[in-house]
Amino acid sequence: MVTSFPPTFDPTPTVTDFPPTSDPTPGNQLSSNFDPTPTVTGFPPTSDPTPTVTSFPPTCTCSDCQAPESEAEKEQRLRDFYASASEQTAPEYFDEDRDRSFLFVHPDLSDECLPEEPDLQRFIAALWYYGTTEGSGEDEWDEMDNYLTDVDECEWLGINCDSVLIPGKFSGGSITEVIHNDNGLEGTLAPEISLLSELRQLQADDNEIGSFIPNVYTDLENLVILNLDSNQLTGTIPRRIGKLQMLEVWDTDGNLLTGEIPETINNLPAIRVIDLNDNRLTGDLLRTFGALGETLENLQLHNNQLSGRPPLSLENLVNLDVLYLQGNNFRGAMPEGVCDNMIGDIRSDCGGANPEVFCDCCTECS
């Protein structure tokens, strides 16, 4: 006997309808229940999507360079340094010649390896050239050779230093000699030459340098020879000439110097040669030269406007070999003691029937 029970399970699959969650896609039954398109959740932006570039201050990779600075800061620092070395202030200090010198020494201010203390000596050596030219400043000397080139200034034409020079390499020495005789120099003498503390010789004769001899040249305590004859220098002999305790030769003949010979010339303990002829010097010699008896060998004062009697103080110049006094306004007799010194070459205005100077020992009378 078979007992019949009512069916408990309908084998026909039951499909439950859900309301669509998105637009149905035609042709796909499952699309009524499922949207295959990925859902993108929108969030408000949290930052600007443009890439951010972080700026850092300039860095200094050189062992001896200044702390990071902009080019404008570098230029100001450098200009202040050069101006202060001459006890002046920028920008008043920088005229055309000094600007050219600055640009020569510092052609590229973008270079991060600029030392804290600039090269003052190279600046002065460049200024010596630009100051003694009157034009474009390019190749104006008769001979330039390697002057104003990239080599160390100690290798430049007419410049010598106190170091052992290795050609093509930085010497690190101090300038001891500047010699540019008969080379077409014009312009003026740069006062900054006085900052070359080891300078022993400054020679620039037979040129056309004008203006005056800077008083600060008397600060060159190691100067032995000053030779500036046959130029167009004006003004007076520096009053502080007596500060040049190492000076042996002062040669400024053939210029346009005026005024009196300063008494401080008596304070030159090493002087051997004083050559002041062919200028426009005035005054007498009563208070000059008498204290130089132990060293002075050559005194040339001819062709000026000096006056008075030949002073007795000339008798003290016992080592004198040359004494030229002609072409002035001296009157009277040469001191007897001068003749007793047996000077090898004495000249004065002792010629003619009515001589202005009476001299029994003169070797030549004008």
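Above this text you will find the structure in question.
Residues numbered from 1 in each chain as written. Predicted model: local features only at pLDDT ≥ 70, side-chain atom pairs only at ≥ 80, totals over all residues. Heavy atoms only, no water.

Novice: Help me understand the state of the cysteines in this model?
Specialist: What we call a disulfide is simply a covalent bond connecting the sulfur atoms of a pair of cysteines. Taken as a whole and judged by the stated rule, the model has four disulfides. For Cys350, the disulfide goes to Cys365, at an S-S distance of 1.7 Å. Judged by the sign of its S-S torsion, about -95 degrees, the bond between Cys350 and Cys365 is left-handed. Within this pair, whereas Cys350 is found in the loop between β14 (345-348) and β15 (357-358), its partner Cys365 is found in strand β16 (residues 364-365), the two being separated by 15 residues in sequence. The class of Cys365 is partly exposed, set by a relative accessible area of 38%. A sulfur-sulfur separation of 2.1 Å characterises the disulfide bridge that pairs Cys359 with Cys362. Taking the sign of the S-S torsion, 100 degrees for the link of Cys359 and Cys362, the bridge is right-handed. (Disulfide = S-S within 2.5 Å. Helix = DSSP H or I, 4+ residues; strand = E, 2+ residues; numbered from the N terminus. Buried < 20%, exposed > 50% of the residue type's maximum accessible area, 1.4 Å probe, protein only.)

Novice: Teacher, can you tell me more about the packing of aromatic side chains here?
Specialist: The description of an aromatic ring pair rests on the distance of the ring centres and on the angle between the ring planes. Inspection of the entire model under this criterion finds 11 aromatic pairs. An aromatic cluster of at least three residues, connected via ring pairs, comprises Phe81, Tyr82, Tyr93, Phe94, Phe102 and Phe123. Lying over the aromatic face of Phe94, Arg79 brings its terminal NZ or CZ to 4.5 Å of the ring centre. A cation over a ring is seen here: Arg79 above Phe102, with NZ or CZ 4.3 Å from the ring centre. (Phe/Tyr/Trp six-rings, centres within 6.5 Å; stacked < 30°, edge-to-face > 60°. Lys NZ or Arg CZ within 6 Å of the ring centre and 35° of its normal.)

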